[in-house]
Amino acid sequence: MDRITNFYERMATLQGNMAAVIPFNSHTDKLVAMDFTEKNDRWQEAVVNNVQLFSENVQQVLQKANARYGIGGYLEYRSIYARSRVFDGTEPRRIHLGIDVWGEAGTPVMAPIAGTVHSYAFNHAYGDYGATIILQHQIEELPFYILYGHLALKSLQNITEGQYIEQGENFAWLGVAEENGYWPPHLHFQLMLNMEGYKGDYPGVCAAHQLTHYAQNCPNPDVILQMQRYAMVDF
């Protein structure tokens, strides 16, 4: 059995015992799927290049759906990354490796299972993660990591590498644009089986020729997040 298949099987057995990553009640809170591909003409260059307009459009989607959060993005091809030089290169990076949860700044972020702080950083370049925390977890002999991006800067206060984080502990919050990499408030939630030498950072977007590698190292985060099944279609 390969490593990623083993990971999915292990996580499936634990799903009923995980804590929520953000406050979400599937019985009372609405969740809308947000499409950031070129098929959705809402996210035109003039909108995504203006943080205020971008944020207003995200809020319009949520309000129209009467939803508390928006969600989407694993392995989604997104032209919106052209807004930042962070994603430039010989072949621009456009394929999203995590899941985004769009909501209000200040929304609490919790650990779905217990772990320790692997690393953290303020990746402050325009379009980057902003305040970032990576937790390390161990399920029997299987280690893995969870990256939380676009956090509030206060999430990095009084945190240390190796610090133990309890299951369900509120250890971070969603940040405003000035501290989250200049994005509308949201959580970038990403899994990694191997950190490949990174600390406080890990690619959240890849180029097409890198997809095979990253899809093997970055499983679908919804195996832990467990929210996409509740999402309504984008409005």
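Residues numbered from 1 in each chain as written. Predicted model: local features only at pLDDT ≥ 70, side-chain atom pairs only at ≥ 80, totals over all residues. Heavy atoms only, no water.

> Mind showing me how you'd approach the environment of Gln216 here?
The residue Gln216 is located in helix H4 (residues 211-217) in this model. It is 31 Å that separates the C-alpha atoms of Gln216 and Gln44, two residues lying 172 residues apart in sequence. What Gln216 contacts, discounting residues up to four positions off in sequence, is Ile4 and Leu193. (Helix = DSSP H or I, 4+ residues; strand = E, 2+ residues; numbered from the N terminus. Contact = heavy atoms within 4.5 Å.)

> Would you mind showing me how to read the state of the cysteines here?
By the definition in use, this model includes zero disulfides. Cys206 forms no disulfide, and the closest cysteine sulfur to it belongs to Cys218, at a distance of 8.2 Å. For Cys218, a relative accessible area of 0% puts it in the buried group. (Disulfide = S-S within 2.5 Å. Buried < 20%, exposed > 50% of the residue type's maximum accessible area, 1.4 Å probe, protein only.)

> Could you clarify how one ought to interpret the side chain of Asn57 in this entry?
Along the polypeptide, Asn57 turns up in helix H3 (residues 51-65). Owing to a relative accessible area of 12%, Asn57 belongs among the buried residues under this scheme. In this structure, Asn57 is in contact with Arg42, Trp43 and Val47, ignoring residues within four places of it in sequence.

> How should I be thinking about the packing of aromatic side chains in this particular structure?
Working definition: an aromatic ring pair is given by the centre-to-centre distance plus the angle between the planes. Under the criterion given, the structure shown has 17 aromatic pairs. Between the NZ or CZ atom of Arg83 and the centre of the ring of Trp183, over which it lies, the distance is 4.3 Å. Sitting over the face of the ring of Trp173, Lys154 holds its NZ or CZ atom 4.4 Å from the ring centroid. (Phe/Tyr/Trp six-rings, centres within 6.5 Å; stacked < 30°, edge-to-face > 60°. Lys NZ or Arg CZ within 6 Å of the ring centre and 35° of its normal.)

> How do you make sense of the sheet that holds strand E13 (residues 231-232) when you look at a structure like this?
The strand order E9-E6-E7-E8-E11-E4-E2-E1-E13 describes an open sheet built from nine strands, whose pairing is mixed. The open sheet has two free edges, formed respectively by strand E9 (164-165) and E13, since each of these has just one partner strand. Sheet analysis places strand E2 (residues 69-72) next to strand E4 (residues 99-102), joined by three bridges and oriented antiparallel. For Ile71, the partnering residue across the bridge sits in E4 and is Val101. (Pairing = 2+ DSSP bridges.)

> Whenever I open this one, the pattern of salt bridges confuses me. Can you help?
Note on pairing: side chains with opposite charge can pair once their charged atoms come close. Applying the stated criterion across every chain, the model contains six salt bridges. As a salt-bridge pair, Glu140 and Arg10 come within 3.3 Å of each other at their nearest N and O atoms. Remark: Arg10 occurs in helix H1 (residues 3-14) and Glu140 occurs in the loop between strand E7 (130-139) and strand E8 (142-151); sequence separation between them is 130 residues. Looking at Glu140, the relative accessible area reads 62%, which means it is exposed. For Arg68, the salt bridge identified is with Asp29, shortest N-O distance 3.0 Å. On the criterion of sequence distance, the pair formed by Arg68 in the loop between H3 and E2 and Asp29 in the loop between H1 and strand E1 (31-33) is long-range, its members being 39 residues apart. For Asp29, a relative accessible area of 17% corresponds to the buried category. (Salt bridge = Lys/Arg side-chain N within 4 Å of Asp/Glu carboxyl O.)

> I would appreciate a short explanation of the pairing of E7 in the present structure.
Moving residue by residue along a regular strand, the side chains alternate between the two faces of the sheet. Burial runs high along E7: eight of the 10 residues are buried. The sheet contact formed by strand E6 (residues 115-123) and E7 spans seven bridges and is antiparallel. If you follow Val117 over to E7, its bridge partner there is Leu135. Adjacent in sequence and paired antiparallel, E6 and E7 are bridged by six residues, among which Gly127 carries a positive phi angle near 95°. Across eight bridges, the pairing between E7 and E8 is antiparallel. Within E8, the position partnered with Ile133 by the bridge is Tyr148. Joining the antiparallel neighbours E7 and E8 is a turn of two residues, in which Glu140 adopts a positive phi near 55°.

> Teacher, can you tell me more about the nonpolar core here?
Within soluble globular proteins, side chains that are nonpolar generally end up buried alongside one another. Counting residues in hydrophobic clusters, the biggest one holds 40 residues, and the most contacted among them are Tyr148, Leu187 and Ile224. If you list the elements that add at least two residues to this core, you get H1, E2, E4, E7, E8, strand E10 (170-173), strand E11 (186-192) and helix H5 (222-225). Ignoring sequence-local partners within four residues, the contact set of Leu187 consists of Val21, Ile22, Ile99, Asp100, Val101, Val109, Tyr148, Gly149, Leu151 and Leu174. Trp43, Val47, Val48 and Val205 belong to the second-largest nonpolar core, a separate cluster that totals 18 residues. (Core = buried A, V, L, I, M, F, W, Y, C linked by side-chain atoms within 4.5 Å.)

Honestly, that's just the spatial picture; any functional story needs more than this.
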